[in-house]
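Summary of the model geometry
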Amino acid sequence: MKVEYNYLSQQFENLEPYFEDLRKWVPTGEYTLGPYVEAFEKKAADYLGASHVISTNTGTDALILAFKAIDLKAGDEVITVANTFYATAGAIVAAGGKPVFVDCDNRYLIDVSQIESKITKKTKAIVPVHWTGAPADMKEIVSIARKYSLKVVEDACPSLGAQMDGKYCGTFGDIGCFSFHPLKQLNVWGDGGMVVTDNSEIADFLRLYRNHGLVDRDHIAMWGVNKRLQPFQAIIASRVLDTMEEALRLRVRNAARLDEGLKDLKSFVTLPPRPKNTREAFQVYMIRCQDRDRLLAHLIQEGIEAKVHYPIPLHLQKPAREMGYKEGDFPMAERQARELITLPAHQYVTLEQIHYTIEKIKEYYSHL
Ligand SMILES: *Cc1c(COP(=O)(O)O)cnc(C)c1O
């Protein structure tokens, strides 16, 4: 049996509905922003229960725009977590800031107890990451930020659809950022992203700044950039958004079955705690395993496309080492880099494939 990690050919097997929309759009000549992008932004804002959505060309650009919007200045410090995707830190640096890492906890999320000790006079913002689609502890993070007058930019790139107490990730802080990368929950045919905020000043700034500062054809209000979402991607995103809740339901179902099937392997497998007040969006399903590298090889040999996100924690990558970070700085992130494994659990994985995965993991440990 094969259990594949990538599901795009299945998701886009029936292209007709997408092509029908695209055939209507092409003759309109609306190729930069315009009604298709606006319609998508309104739909996404309604889905999230947020006041404003400003779409962008990538999730990384969504983060860079967010840092511009909070007026991040050269040398400002931004506190974030050591086990995230490169773009979280890359965007901070691209906007002129300095990433200051803290370790993660046993849910693979920013360890909130370590944030306050990293706050200095130069700290401008906290950037929690809803890693794997699991909600970070936003109540605590927002309360720390208010106490020290810091901004909160949520890197919600991998977590569209995740909720805490019924409220969507990306809507707790000052700004939330999302990615439409092909393997994120709301995916397009290439790259895309969006910034979400309830603050109308931030929204007004971003709508201008994202589009050269243009107020009309002949006037600009500020120096801006071009980080627009392509209208054809907005059209794809609108359709995918309609299928999101069903996809999430299946991801949650698959994750629950894996949790259930693996929980008796306690001495070999550690599942993350899953607080009752959260709904995870399971961009990926990750657990910690003993003897990870050999288990990984075994699963791949058995046709299960397991992965590691990521074998090298961010603070041990070259540019972070050049900032002075070293082995031992973040024991939890380092331990997770050695132990974490990602199992396919997306919406196209069947229960039969889930049971096969569980059997193969059990089989591996029965030989130890
Ligand atoms: C995917 C991702 C990004 C970047 O999004 P792109 O659309 O690929 O630029 C940033 N941060 C996190 C945590 C992500 O998972």
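Right, let's walk through the structure included here. (Residues numbered from 1 in each chain as written. Predicted model: local features only at pLDDT ≥ 70, side-chain atom pairs only at ≥ 80, totals over all residues. Heavy atoms only, no water.)

With that out of the way, let us pick up the overall build of the chain. When its secondary structure is counted, the chain shows 12 helices and 15 strands. Taking 2.2 N^0.38 as the reference for a compact globule, 368 residues should give roughly 21 Å; the C-alpha atoms of the chain span a radius of gyration of 21 Å, in line with that estimate. Each of the three principal axes of the chain carries a C-alpha extent, and together these read 70 × 55 × 35 Å. Taken across its 368 residues, the chain has 56% of its residues classed as buried. For the chain, contacts bridging at least 24 residues in sequence account for 71% of all contacts bridging at least 6. Here the chain carries 45 positive and 48 negative side-chain charges, and the mean point of each set is 2 Å from the other. (Helix = DSSP H or I, 4+ residues; strand = E, 2+ residues; numbered from the N terminus. Rg over C-alpha atoms; globule rule 2.2 N^0.38 Å. Buried < 20%, exposed > 50% of the residue type's maximum accessible area, 1.4 Å probe, protein only. Contact = heavy atoms within 4.5 Å. Lys, Arg positive; Asp, Glu negative; His and termini not counted. Charge placed at Lys NZ, Arg CZ, Asp CG, Glu CD.)

Attention now moves to the site of the ligand. As a structural note, the neighbourhood of the ligand is formed by 16 residues, with G59, T60, D155, S179 and K184 the closest of them. Taking T60, its side chain carries an N or O atom lying 2.5 Å from an oxygen atom of the ligand. Residue D155 places a side-chain N or O atom 2.8 Å away from a nitrogen atom belonging to the ligand. Its free accessible area being 380 Å², the ligand has 93% of it covered by the protein chains. Judged by the fraction of its atoms near the pocket grid, the ligand is located in the largest pocket. (Near = heavy atom within 4 Å. Polar contact = N/O pair within 3.5 Å; in protein donor to acceptor, adjacent residues only side chain to side chain. Areas by Shrake-Rupley, 256 points an atom, 1.4 Å probe, with all protein chains shown as cover. 1 Å grid on protein atoms, 1.4 Å probe; cavity = no way out; pocket = protein on both sides within 12 Å on 5 of 7 lines; lining within 4 Å. Sits in = over half its atoms within 2 Å of the grid points.)

Another point: empty space enclosed by the protein. One way to see where empty space is left: roll a probe the size of a water molecule over the atoms. All told, the structure shown has three cavities of 30 Å³ or more when counted by the stated rule. Considered as a void within the structure, the largest cavity measures approximately 120 Å³ in volume. Around the largest cavity, the lining is made up of 13 residues, and of these Y5, R251, Q283, V284 and H346 lie nearest the centre. Of the residues belonging to the lining of the largest cavity, the class tally is nine nonpolar, three polar and one charged. The calculated volume of the second largest cavity comes to roughly 100 Å³. The element contributing the most residues to the lining of the second largest cavity is helix α11 (residues 331–339), with three residues. Considering only residue class, the lining of the second largest cavity consists of 10 nonpolar, four polar and no charged. (Points joined across faces, edges and corners; volume = space filled by probe spheres on them. Nonpolar A, V, L, I, M, F, W, Y, C, P; charged D, E, K, R; others polar.)

Pairing within the open sheet is mixed, and its seven strands lie in the order β1-β9-β8-β5-β4-β2-β3. Two strands bound the open sheet, and with one partner strand each, they are β1 (52–56) and β3 (98–102). Looking at each pair of strands side by side, their axes are set apart by 25° on average, direction ignored. Two strands pair when backbone bridges link them, and strand β4 (residues 123–127) and strand β5 (residues 151–155) are joined in this way by two bridges, in the parallel orientation. Residue pairing across strands places I126 opposite V152, the latter belonging to β5. Sheet strands in contact with helix α4 (residues 59–69) are β1, β4, β5, β8 (175–179) and β9 (193–197), and its direction is about 165° off that of β8. Running over the sheet, helix α6 (residues 138–147) touches β4 and β5 and is turned about 150° from β5. (Pairing = 2+ DSSP bridges. Axes fitted to C-alpha atoms, helices over the stretch in contact; angles between N-to-C directions.)

On to the layout of surface pockets. When its volume is computed, the largest pocket comes out at roughly 390 Å³. Along the wall of the largest pocket there are 23 residues; nearest its centre are F85, S179, H181, K184 and Y310. Elements represented by at least two residues in the lining of the largest pocket include exactly α4 and α5 (86–94). The element that contributes the greatest number of residues to the lining of the largest pocket is α4, accounting for three residues. A breakdown of the residues in the lining of the largest pocket according to their chemical character gives 11 nonpolar, nine polar and three charged.

The final tally for this structure, using the stated rule, is 19 aromatic pairs. Judged by centre distance (5.5 Å) and plane angle (40°), the ring pair of Y86 and Y310 falls under tilted. Of this pair, Y86 sits in helix α5 while Y310 sits in the loop between α9 (292–301) and α10 (318–321), placing them 224 residues apart in sequence. Overall, the relative accessible area of 22% leaves Y310 in the partly exposed class. When the centroid spacing of 4.5 Å and the interplanar angle of 10° are considered together, the rings of F268 and Y365 count as stacked. Of this pair, F268 sits in the loop between α8 (231–262) and β12 (269–270) while Y365 sits in helix α12 (residues 351–366), placing them 97 residues apart in sequence. (Phe/Tyr/Trp six-rings, centres within 6.5 Å; stacked < 30°, edge-to-face > 60°.)

Attention now goes to the pairing of strand β14 (residues 285–289). Of all five residues in β14, five are buried, a share of seventy percent or more. On β14, burial covers both faces: Y285, I287 and C289 on one face and M286 and R288 on the other are all buried. Across four bridges, the pairing between β14 and strand β15 (residues 340–343) is antiparallel. Along β15, the bridge assignment pairs M286 with T342.

To continue, consider α12. In an α-helix, one turn spans 3.6 residues; hence positions three or four apart end up facing the same way. Taking 1.5 Å per residue, 16 residues should reach 22 Å; α12 reaches 22 Å between its end C-alpha atoms and fits that length. Listed in full, the buried residues belonging to α12 are Q353, I354, Y356, T357, I358, K360, I361, Y364 and Y365. (Expected span 1.5 Å × (residues − 1).)

Moving on to the environment of E30. In this structure, E30 sits in the loop between α2 (16–25) and α3 (35–48). Using a relative accessible area of 29% as the deciding quantity, one classes E30 as partly exposed. Sequence-distant contacts of E30, that is, excluding residues within four places in its chain, are made with W25, P35, Y36 and P231.

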